[in-house]
Amino acid sequence: MGDFSGREPCPYRILDDIGGAYAMGCVGGSIWHFVKGWRNAPKGSATSGAFEQVRVRAPVVGGNFAVWGGLFACFDCSLVAVRHKEDPWNSILAGAATGGVLAARAGPKAAGKNALVGGVLLALIEGLGILITKMMAPPMASKDDLKHGGADPTLPPTQPGLAPPVAFPTGAAY
């Protein structure tokens, strides 16, 4: 089964997602804890307090993000293998499963609630991605538009007053 999404194949995708999630968590955690350390440090040591908080807490946030990214990627790859297709439902179900597993220690009620939140969150993200893709796509011309003088969207754009493009000979020795 070919993967045309531009992503790594599944066994490697898991490691790629873990690393990406760790990096995002470290960067976001650094910013968050720098500001928090700056605000909570005693007068005169704001800079050192901010950097100390980054040193101590940013890797923890990165690790938490990496756990989430690894679980999500494992569930996503498992769903691709079971369903034999790559579609938004895999991400939505993987988000729900990840939310449920991460909250499993708090009991079935919390796991169910977090699974619902994870699924809804991933559904919103997938829906937004599809919406943006559709908005950015060029409008498709119907056959009737083309019959009545509409422009063919598969042709390159032209500007009035410009000569048509000239094809250069290929294979010539220059």
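As the structure is a computational prediction, the values presented were derived from the model and not from experiment. For every chain, the first residue of the written sequence is number 1, and numbering continues from 1 along that sequence. Where totals are concerned, whole chains, interfaces and linings use all residues; where local detail is concerned, this predicted model gives features only for residues with pLDDT of at least 70, and gives and counts side-chain atom pairs only at 80 or more. Heavy atoms throughout the structure, all of them, feed into the side-chain values; hydrogens and water do not.

S.K.: Could you give an account of the UniProt feature "transmembrane region" (unreviewed entry) in the protein chain, naming the residues involved and the relevant values?
M.R.: UniProt positions are given in the numbering used here, feature names are shortened, and annotations may be inferred rather than shown by experiment. The UniProt record marks residues 114-133 with the feature "transmembrane region" (unreviewed entry), using the residue numbering of this structure. Each helix is a run of DSSP H or I of at least 4 residues and each strand a run of E of at least 2, with the numbering of both proceeding from the N terminus. Between the first and last C-alpha atoms of residues 114-133 the distance is 28 Å; the span itself is 100% helix and 0% strand.

S.K.: I'd like to hear about unusual backbone geometry, residue by residue, with values.
M.R.: With phi around 60°, His84 is a residue other than glycine that occupies positive phi space. The topology assignment puts His84 in the loop between helix 2 (46-83) and helix 3 (88-102). Three exposure classes are used, based on accessible area relative to the maximum for each residue type with a 1.4 Å probe and protein chains only: buried under 20%, partly exposed in between, and exposed over 50%. A residue is classified by how much of its surface remains accessible, and His84, at 60% relative accessible area, is exposed.

S.K.: Please provide a residue-by-residue account of the state of the cysteines, values included.
M.R.: What counts as a disulfide here is a pair of cysteine sulfur atoms lying within 2.5 Å. Summed over all chains, the structure comprises 1 disulfide. With its sulfur 2.3 Å from that of its partner, Cys10 forms a disulfide with Cys77. Measuring handedness by torsion sign, the sulfur bridge of Cys10 and Cys77 sits at about -95° and is left-handed. Taken together, the residues Cys10 in helix 1 (residues 10-40) and Cys77 in helix 2 connect sequence positions 67 residues apart. The cysteine Cys74 is free of any disulfide, with Cys77 supplying the nearest cysteine sulfur at 7.1 Å.

S.K.: If you had to explain the side chain of Thr98 to someone new, which residues and values would you point to?
M.R.: Turning to its location among the elements, Thr98 is positioned in helix 3. Counting of polar contacts relies on pairs of N or O atoms within 3.5 Å, with two restrictions inside protein: one atom must be capable of donating a hydrogen and the other of accepting it, and residues adjacent in sequence are counted only when both atoms are side-chain atoms. At 3.4 Å, the side chain of Thr98 forms a polar contact with the backbone nitrogen of Phe72. In this description, contact between two residues means that some pair of their heavy atoms is separated by no more than 4.5 Å. Leaving out residues up to four positions away in the same chain, Thr98 has contacts with Trp68, Leu71, Phe72 and Phe75.

S.K.: Quick one: what's the story with the environment of Arg55, residue by residue and with numbers?
M.R.: Secondary-structure assignment places Arg55 in helix 2. There is a polar contact of 2.7 Å between the side chain of Arg55 and the side chain of Glu52.

S.K.: Any details on the packing of aromatic side chains? Residues and values, ideally.
M.R.: Here is the rule: rings of Phe, Tyr and Trp (six-membered ring for Trp) pair when centre to centre is within 6.5 Å. Planes less than 30 degrees apart are stacked, more than 60 are edge-to-face, and the remainder are tilted. Going through the model one piece at a time under the given rule, you end up with 3 aromatic pairs. Taking 5.2 Å as the distance between ring centres and 70° as the angle between the ring planes, the aromatic pair formed by Phe34 and Phe51 counts as edge-to-face. One end of the pair, Phe34, is in helix 1; the other, Phe51, is in helix 2, and 17 residues separate them in sequence. The exposure class of Phe34 is partly exposed, given its relative accessible area of 27%. Note on Phe51: relative accessible area 51%, which makes it exposed. Three or more aromatic residues joined by ring pairs form one cluster here, namely Phe34, Trp38 and Phe51.

S.K.: Give me the lowdown on the pattern of salt bridges, citing residues and values where you can.
M.R.: Take a side-chain nitrogen of Lys or Arg and a carboxyl oxygen of Asp or Glu: if they are within 4 Å of each other, that pair is a salt bridge. Scanning all chains against the criterion turns up 4 salt bridges. Of the charged contacts, one joins Asp76 and Arg13 as a salt bridge, the two residues approaching to 3.5 Å between their closest N and O atoms. With Asp76 in helix 2 and Arg13 in helix 1, the pair connects residues that are 63 residues apart, well separated along the chain. The class of Arg13 is buried, set by a relative accessible area of 1%. For Arg83, the salt bridge goes to Asp87, with nearest N and O atoms at 2.7 Å. The partly exposed category is assigned to Arg83, whose relative accessible area is 27%. Judged by its relative accessible area of 23%, Asp87 is partly exposed.

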